[in-house]
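Topology and contacts: notes
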Number of protein chains: 2
Amino acid sequence: MIRKPYLLFLGDAPDQLAAKVAQGIADWRPENVVGQLRLDGCKADAGVPDLGLNDAWERGARTLVVGVANRGGVIPESWLDVLKQALEIGFDLANGQHNLLRDQGVLRETAQRNDRALHDVRVPTVAYPIANGKKRTGKRCLAIGTDCSIGKMYTGLAMDREMRTRRKKSTFRPTGQTGILITGSGVPLDAVVADFMAGAIECLTPDNDSDHWDHIEGQGSLFHVSYSGVTMALIHGGQPDAIILAHEPTRTHMRGLPHYGLPTLEELRDVALPVARVANPDVRICGVSVNTSALDDDEAVRSCEEIEDRMGLPTVDPFRHGAGRLVDALEAI
Amino acid sequence: MIRKPYLLFLGDAPDQLAAKVAQGIADWRPENVVGQLRLDGCKADAGVPDLGLNDAWERGARTLVVGVANRGGVIPESWLDVLKQALEIGFDLANGQHNLLRDQGVLRETAQRNDRALHDVRVPTVAYPIANGKKRTGKRCLAIGTDCSIGKMYTGLAMDREMRTRRKKSTFRPTGQTGILITGSGVPLDAVVADFMAGAIECLTPDNDSDHWDHIEGQGSLFHVSYSGVTMALIHGGQPDAIILAHEPTRTHMRGLPHYGLPTLEELRDVALPVARVANPDVRICGVSVNTSALDDDEAVRSCEEIEDRMGLPTVDPFRHGAGRLVDALEAI
């Protein structure tokens, strides 16, 4: 568990996209964020106060979160100075990139000397068990996509926020590094050893109140040959009661696989449902989440209507239209 | 790649089952085996000559393979003495158990001093890439089971042997520790990190002659919630042209999951085929391999006949009846 609240480190982000992790945290857990720290030349803005390390510390920040992607796979010298100084002041550090903080000798040494934690959230720190498949109490919802990077995390976060607004019991359960940094804990599923993937998800979504919903962050796609095993483990470890199908209507091929077309939502439904029933015979597909970011307002509405007619399922873009209708569908179970 | 030929170490195996890895090697690759080394009290026999370390070395053995399961998860002192002596003589060591040779200080030190290799085949030693899903030349066959531990490795080995007997181009591709010890190389798939599972299988089954068949060792089951992600990665990384369904007709529940019944072969077919078509639209289910070890001869024949009638697929127990009809089905593609 990462200590909160955070100071977000945006470094010298060349554009807003490079700081999307910081943006995600500020958007979804503003209560966890004291401010942002930007270096000279930073072109991104997470929309929170600019603070130096000492000011942020005095306002209560306890972890400096690297919320920016570095370029070329190295942590620049200019960053290291700030990160080292933060450790000296008393901050822990958290990082979701492939480059690990712990691989930087200066940070490892400084953290050790000051008894501070380096959270490299891409690396599992827990010895997960093999899944036992036992039915757990409480309810679970999982978004399953026609492709990777299609809005599954966003869908889960939006449904969780909607349920909290309605004062319903709800927890977002992260399975990737951005989600883990947003909430402060989770399972970095793509880095877990094969035999323990489903068991890790069982640990992430334990017994709970019968009216509590876990919104499990989806990963990969059953139709993405590089990552489908991860998706499968998520379905069988998560034993969802409700599935949301996630889609992006303008995408022409599977992400990173130009020679693979996307499945239709019908094909996804027909493959996902029998697979999910293995772990939970009562599972239902409750709705469709459409990522309409490439469409204008009219096109977005028309796309959702067309899919809703075809699939007979409540269909929204939760970013554009809110997650209310998807949550209504869960509550109707 | 493990140096051949082998001397099989059976230790003080309390029964034949404890030495099933040694037995598998002696059964499937007798040409790789010089003999066996048994300690006092050993109750197992792999059916090969008993040899001491020095005799085996003189007959050409270059790796001492731990072909026995130890009890209680520790490597006994009596074994360590022999293993150390083997390293001093010049043997490499190979081991498929969870207990790693490299975790034994005395073995690590002795191996280093003598420049010998310790092969702990449960641990991946290669940095596998993320799968790219590109179509590869050559043909691939994969056994997919209604459950784990149902005869998938045996099916692949038997089909490979039958094809070699027919002087066809064929390679068995191991994905588990026993298979790796039998052939001397492979991918320990259950120990690979999630993101790289499918990529590891792509590496294992590279481009080949158009009339060459890889027989990929199956793992887990799409219906076994603990390991289904591994099976999925195997299907999408292996992009099989031919699938053999594997079944054990007397099993009452999924292995290790007493609260899960087995799927029918029809259910397995209906889930596996759409999933496999994602990676290879031309994939065909070519036959059924039935593990009839719990049945008498008449029952075994009747069970296969009944399944063949129901499924409309050539159905045999390759151990009992030979793999000829399954290979005929591949050659008919």
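Fair warning: this is a prediction, and the values are worked out from it, not measured in the lab. (Residues numbered from 1 in each chain as written. Chains lettered and ligands numbered in written order. Predicted model: local features only at pLDDT ≥ 70, side-chain atom pairs only at ≥ 80, totals over all residues. Heavy atoms only, no water.)

All names here are of chain B. Tallied over the full model, the rule gives 46 salt bridges over all chains. With a closest N to O distance of 3.6 Å, D241 and K135 form a salt bridge. Taken together, the residues D241 in the loop between α8 (228-238) and β9 (242-247) and K135 in the loop between β5 (118-120) and β6 (139-145) connect sequence positions 106 residues apart. (Salt bridge = Lys/Arg side-chain N within 4 Å of Asp/Glu carboxyl O. Helix = DSSP H or I, 4+ residues; strand = E, 2+ residues; numbered from the N terminus.)

In this section: helix α1 (residues 20-28) of chain A. All of the buried residues along α1 of chain A are V21, A22, G24, I25, A26 and W28 of chain A. The secondary structure elements touched by the buried residues of α1 of chain A are β1 (6-11), β2 (33-38), β3 (63-66), α5 (152-165) and α6 (177-183) of chain A. (Buried < 20%, exposed > 50% of the residue type's maximum accessible area, 1.4 Å probe, protein only. Contact = heavy atoms within 4.5 Å.)

Below, the discussion takes up unusual backbone geometry. Peptide bonds are trans in most cases, and residues, glycine excluded, mostly fall at negative phi. The residue after K4 of chain A, namely P5 of chain A, is reached through a cis peptide bond having omega -5°. Position of P5 of chain A relative to the elements: it lies in the segment before β1. Within the chain, S149 of chain A stands out as a residue other than glycine whose phi angle is a positive 50°. Among the residues examined, S149 of chain A registers a relative accessible area of 46% and is labelled partly exposed. Not every positive phi belongs to a glycine, and D115 of chain B is a case in point at roughly 55°. Given the relative accessible area of 64%, D115 of chain B is considered exposed.

Right, let's get into the relation of the copies chain A and chain B. The transform that puts chain A on chain B rotates by 180° and translates by 0.0 Å along the axis, for an RMSD of 0.0 Å. In the structure described here, the two chain copies are related by an operation that fits a two-fold rotation axis. The overlap is high: 100% of the interface residues of chain A also sit at the interface in chain B, so the same surface is used on both sides. (Least-squares fit on C-alpha atoms with pLDDT ≥ 70 in both.)

Another point: the confidence of the model for chain A. Chain-level statistics for chain A give a pLDDT mean of 96 and a share of 99% at 70 or above. This complex was scored by the predictor with a pTM of 0.94 and an ipTM of 0.94. (pLDDT = per-residue confidence, 0-100.)

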